[in-house]
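Chain residues, written in single-letter form:
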Amino acid sequence: MNELNWNAINAGLPRWMEEARGIAPLGKVASYIPELSKADPEALGFHILAADGKSLSAGDCGQRFTMQSISKVFTLMLALMDNGEERVFSKVGMEPTGDSFNSMLKLELVQPGIPFNPLINAGAIVISSLIAGSSNEEKSERIAAFLGRLAGGGPLELDEATYRSESSSGHLNRSMAYFLTDNGVLESAVEDVLEVYFKHCSLLVDCGQLARMALVLSLDGLDPVSGERLIPRRFVQIAKTFMVTCGMYNGSGEFAIDVGLPAKSGVSGGILALLPGRAGIGVVGPSLNRHGNSIAGVHLLETLSKEFDWSLF
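As a convention, each chain's residues are numbered from 1 in the sequence order in which they are written. The model is predicted, so local features are restricted to residues of pLDDT at least 70 and side-chain atom pairs to those at 80 or more, both for listing and for counting; the totals for chains, interfaces and linings are taken over all residues. Each side-chain value is derived from all of the structure's non-hydrogen atoms; neither hydrogens nor water enter the calculation.

### So, the sheet that holds strand β2 (residues 55–59)
Two pairing modes exist for strands in a sheet, parallel and antiparallel, and in both the strands are linked by backbone hydrogen bonds.
Here is step 1 of the chain: At least two bridges found by DSSP between two strands is the condition for calling them paired. Helical segments are the DSSP runs of H or I of at least four residues, strand segments are the runs of E of at least two, and each set is numbered from the N terminus. The strand order across the open sheet formed by 5 strands is β2-β1-β7-β6-β5, and the pairing between neighbours is antiparallel. Two strands lie at the open edges of the sheet, namely β2 and β5 (263–265), each paired on one side alone. Across the sheet, the axes of successive neighbouring strands diverge by a mean angle of 10°, strand direction being ignored.
Here is step 2 of the chain: By the bridge criterion, 6 bridges tie strand β6 (residues 270–275) to strand β7 (residues 279–284) in an arrangement that is antiparallel. Paired with A273 across the two strands is I281, which belongs to β7.
Here is step 3 of the chain: Contacts were defined at the residue level, with two residues in contact if any of their heavy atoms lie within 4.5 Å. To get an axis, fit a line to the C-alpha atoms, keeping to the stretch in contact for a helix; angles then go from 0 to 180 degrees between the N-to-C directions. Relative to the sheet, helix α1 (residues 6–22) contacts β1 (45–50) and β2, its axis offset from that of β2 by approximately 25°.
Here is step 4 of the chain: Against the sheet, helix α13 (residues 295–308) contacts β1, β6 and β7, and its axis sits at roughly 15° relative to β6.

Here is the structure:
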């Protein structure tokens, strides 16, 4: 993998951003969560942060958006830190599904009836139930503080409007949670677990914060400034593997071929991606492709990866 060529990235980025923005009308913003439908479909922001502190931003990088499914990577690691691998993976599997992120098809058809992986909705709901805390509030506060520390600051802020929108419209997620309860997989009260789940999906970030979180993962859990270990290396390794196999929903294989970087997307249009050992990337583009990934964001990452030979494969 070549070293980062900052001059070439800076020179080409305006053109590549415009090319990516040009295909945004081919996608659609998420509408099943009403609050997300208000996003500007033509917005596109990009930020890259290297291990040596160098960074570069472009477009709508200051725009804040909710983490949505990107948060699942981090709740997985926190659950592993709280419970260990054996307990976590007795509740969720390690395999991609090939189905959409909110499908519950295989919960019923494939035994033992646990979610295939922790990055689909059913799996992330189970992971939310494994976060340590004496109350829903304490669990949510721990998640916001953990993510905020990785982002380089205080606890991330909750977008109350999105949280309320998700909670009031989350009928399919409730169906999954009750099914998991009936299977004996989910042991906590459904509404308590969903409160924690909806809240971590509704935490606000910008591209710069997302890039810094990605950089911590690219450094195997080390703080890029202090060198302090924030996450055990083994748990980062697990998370990054899931990002490759499941991080871009049922478009993960296509993304691995076309881009070749560990990444996680969210239906708000965010994408967290990383160049192992070297840099973290944050992207936002609310217009989504058929898989639920930012159509402009994926195009931009594919262009950069091919231009600078970033693929791991």
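### A closer look at the packing of helix α2 (residues 71–83) against helix α6 (residues 136–150)
Here is step 1 of the chain: Packing of α2 against α6 brings their axes to within 10 Å, and their N-to-C directions diverge by 110°. The angle between the axes of α2 and α6 places the two elements in the roughly perpendicular class. For the pair α2 and α6, the crossing hand works out as right-handed. The residues of α6 that touch α2, namely those facing S71, F74, T75, L78, M81 and D82, are R142, I143, F146, L147 and L150.
Here is step 2 of the chain: Amino acid classes used here: Ala, Val, Leu, Ile, Met, Phe, Trp, Tyr, Cys and Pro are nonpolar; Asp, Glu, Lys and Arg are charged; the rest, including Gly, are polar. For the contact of α2 with α6, the per-class residue count stands at 7 nonpolar, 2 polar and 2 charged. Roughly parallel here means an angle under 35 degrees, roughly antiparallel means over 145, roughly perpendicular means 65 to 115, and every remaining angle is called oblique. Helix crossings get a hand from a simple test, with the near helix turned counterclockwise from the far one by less than a right angle marking a left-handed crossing and a clockwise turn marking a right-handed one.

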